[in-house]
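# Structural characterization, general
One letter stands for each residue in the lines below.
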2 protein chains.
Amino acid sequence: MEKTLNDACEETCSGSELDLAKIKGKLISSTAALEVADWFKALGDPTRVKIIHALQQSEMCVHDLTQVLEMGQSAVSHQLRLLRNVRMVKRRKVGKTVYYSLDDNHVEEIFGQTLQHLKHE
Amino acid sequence: MEKTLNDACEETCSGSELDLAKIKGKLISSTAALEVADWFKALGDPTRVKIIHALQQSEMCVHDLTQVLEMGQSAVSHQLRLLRNVRMVKRRKVGKTVYYSLDDNHVEEIFGQTLQHLKHE
DNA sequence: TTATTATATGAACATATATTCATATGTATA
DNA sequence: TATACATATGAATATATGTTCATATAATAA
């Protein structure tokens, strides 16, 4: 009798040791994985990392951010929108100017922990 | 005397309130921002989120991961390489099969905290 | 050696993403 | 009202990224 690829592998690499069905059942759902990924993705760009880091120091208007980051107003604005979409930052309007600040304590925690982590290795 | 764009804005949106030069001086460097971004970027894809989540349950060989994730071997292998590059996972070879496991306690912490965080909002 | 199995990897392709440009929107001021 | 200013946004473009396909590598067994 022919063995299928799966049968063969289950014998060798895991079959007897792991209950794949059980692990598969416990695995995070695709939609949840997407949500989590989108959240981390927001921190996965150097411009946005800088924005978060800057706003950790102080609330700032868009123009200030363009000065601090040395980037175009449009680019900064686009990234702020993305960060707003995942609720990492919020805005406060005063006349013509819009002040941005962090809107998620969790981000500050994670961010600080990760900075420390990456420094120490 | 003409006012430049900057002069004008400094008066209105921040000039008197924030010392931009000081904030700029404290801002994370571009290379550090890139490192941090790359680290978070590794968690910014649903497939890799699933891999991390699965390995949190148990060490597993590549073939097991393909079964649990219901994905092609090549795709899984490529993503594992990426996770290895940022040292989130490590491998252990036994004969033909390669067992992967988490290689970063920090990842587990961050990951768990974020799952909780996203569930609660 | 030859065949089989487990994993890795380069190339190709499709999709996603970041920045720029031009312009729109909203607000204050002359 | 007309003008200037601060920010937002759609379109375009270049680059990055994820998956697939074909194949390479490494280890084992026949």
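Now for the nonpolar core. Ranked by internal contacts, the top residues of the largest apolar core, which has 68 residues, are Ile52 and Met88 of chain A together with Ile52 and Met88 of chain B. Apart from the residues lying within four places of it in its own chain, the contact partners of Met88 of chain A are Trp39, Ala42, Leu43, Ile52, Leu83, Ser101, Leu102, Asp103, Asp104 and Val107 of chain A.

All names here are of chain B. The three strands lie next to each other as E1-E3-E2, forming an open sheet whose pairing is antiparallel. The sheet is open, and its two borders are formed by strand E1 (60-61) and strand E2 (89-94), each paired with just one other strand. Here E1 runs beside strand E3 (residues 97-102); their pairing, made up of two bridges, is antiparallel. Bridging from a neighbouring strand, Cys61 pairs with Tyr99 of E3. Docked against the sheet, helix H4 (residues 46-57) engages E1, E2 and E3, running at close to 95° with respect to E3.

Once turned by 180° and shifted 0.0 Å along the axis, chain A lies on chain B with an RMSD of 0.1 Å. Expressed as a symmetry operation, the mapping of one chain copy onto the other fits a two-fold axis. Looking at the interface residues of chain A, 100% of them are also at the interface in chain B, so both copies use one shared face.

In this section: the side chain of His53 of chain B. Position of His53 of chain B relative to the elements: it lies in helix H4. For His53 of chain B, a relative accessible area of 13% gives the class buried. Those residues within four positions of His53 of chain B in sequence are excluded, and the remaining contacts are Lys26, Leu27 and Ile28 of chain A together with Phe111 and Leu115 of chain B.

Position of His117 of chain A relative to the elements: it lies in helix H7 (residues 105-119). Of the residues examined, His117 of chain A reaches a relative accessible area of 19% and is grouped as buried. For His117 of chain A, the side chain forms a polar contact with the side chain of Asp104 of chain B, separated by 3.0 Å. With near-sequence residues (within four places) excluded, His117 of chain A lies in contact with Trp39, Asp104 and His106 of chain B.

This paragraph deals with the protein's contact with DNA strand D. Every one of the 30 residues lining DNA strand D counts as a neighbour, but Ser74, Arg91 and Tyr100 of chain A together with Ser74 and Gln79 of chain B are closest to it. Among atoms of DNA strand D positioned within 4 Å of the protein, sugar and phosphate together represent 64%. Between Val62 of chain A and DNA strand D, the recorded distance is 3.2 Å, taken from a backbone N or O atom to a phosphate oxygen. Here a base oxygen of DNA strand D sits 2.9 Å away from a polar atom, N or O, in the side chain of His78 of chain A.

Close to DNA strand C lie 30 residues, the nearest being Ser74 and Gln79 of chain A together with Ser74, Arg91 and Tyr100 of chain B. For DNA strand C, the backbone portion of the atoms within 4 Å of the protein, that is sugar and phosphate, comes to 61%. Val62 of chain B places a main-chain nitrogen or oxygen 3.2 Å from a phosphate oxygen of DNA strand C. The separation between a phosphate oxygen of DNA strand C and a polar side-chain atom of Ser77 of chain B is 2.8 Å. For the surface near DNA strand C, the elements supplying multiple residues, two or more each, are helix H1 (5-14), helix H4 (46-57) and helix H6 (73-85) of chain A together with helix H5 (62-69), helix H6 (73-85) and E3 of chain B. Here the residues of the surface near DNA strand C sort into 10 nonpolar, 12 polar and eight charged.

Per-residue pLDDT for chain A has a mean of 88; in total, 85% of the residues score no lower than 70. Scored below 50 in pLDDT, residues 1-11 of chain A makes seven contacts in the model with residues more than four places away or belonging to other chains.

This next bit is on the interface of chain A and chain B. In this complex, chain A contributes 53 residues to the contact, which on the side of chain B involves 53 residues. Note on chain A versus chain B: buried area summed over both sides is about 4900 Å², and carbon and sulfur give 69% of it. Along the contact surface separating chain A from chain B lie two salt bridges. One salt bridge connects Lys24 of chain B with Glu70 of chain A, and the closest N-O pair in it is separated by 3.2 Å. Across the contact surface, chain A and chain B share 11 residue pairs in polar contact (both at pLDDT 80 or more). Sorting the residues of the side of chain A that touches chain B by element identifies H1, helix H2 (20-26), helix H3 (30-42), H4, strand E1 (60-61), helix H5 (62-69), strand E3 (97-102) and H7 of chain A as the ones contributing at least two each.

Scoring rules and cut-offs
- Residues numbered from 1 in each chain as written.
- Chains lettered and ligands numbered in written order.
- Predicted model: local features only at pLDDT ≥ 70, side-chain atom pairs only at ≥ 80, totals over all residues.
- Heavy atoms only, no water.
- Core = buried A, V, L, I, M, F, W, Y, C linked by side-chain atoms within 4.5 Å.
- Buried < 20%, exposed > 50% of the residue type's maximum accessible area, 1.4 Å probe, protein only.
- Contact = heavy atoms within 4.5 Å.
- Pairing = 2+ DSSP bridges.
- Helix = DSSP H or I, 4+ residues; strand = E, 2+ residues; numbered from the N terminus.
- Axes fitted to C-alpha atoms, helices over the stretch in contact; angles between N-to-C directions.
- Least-squares fit on C-alpha atoms with pLDDT ≥ 70 in both.
- Polar contact = N/O pair within 3.5 Å; in protein donor to acceptor, adjacent residues only side chain to side chain.
- Near = heavy atom within 4 Å.
- Nonpolar A, V, L, I, M, F, W, Y, C, P; charged D, E, K, R; others polar.
- pLDDT = per-residue confidence, 0-100.
- Buried area = accessible area lost by both parts, 1.4 Å probe.
- Salt bridge = Lys/Arg side-chain N within 4 Å of Asp/Glu carboxyl O.

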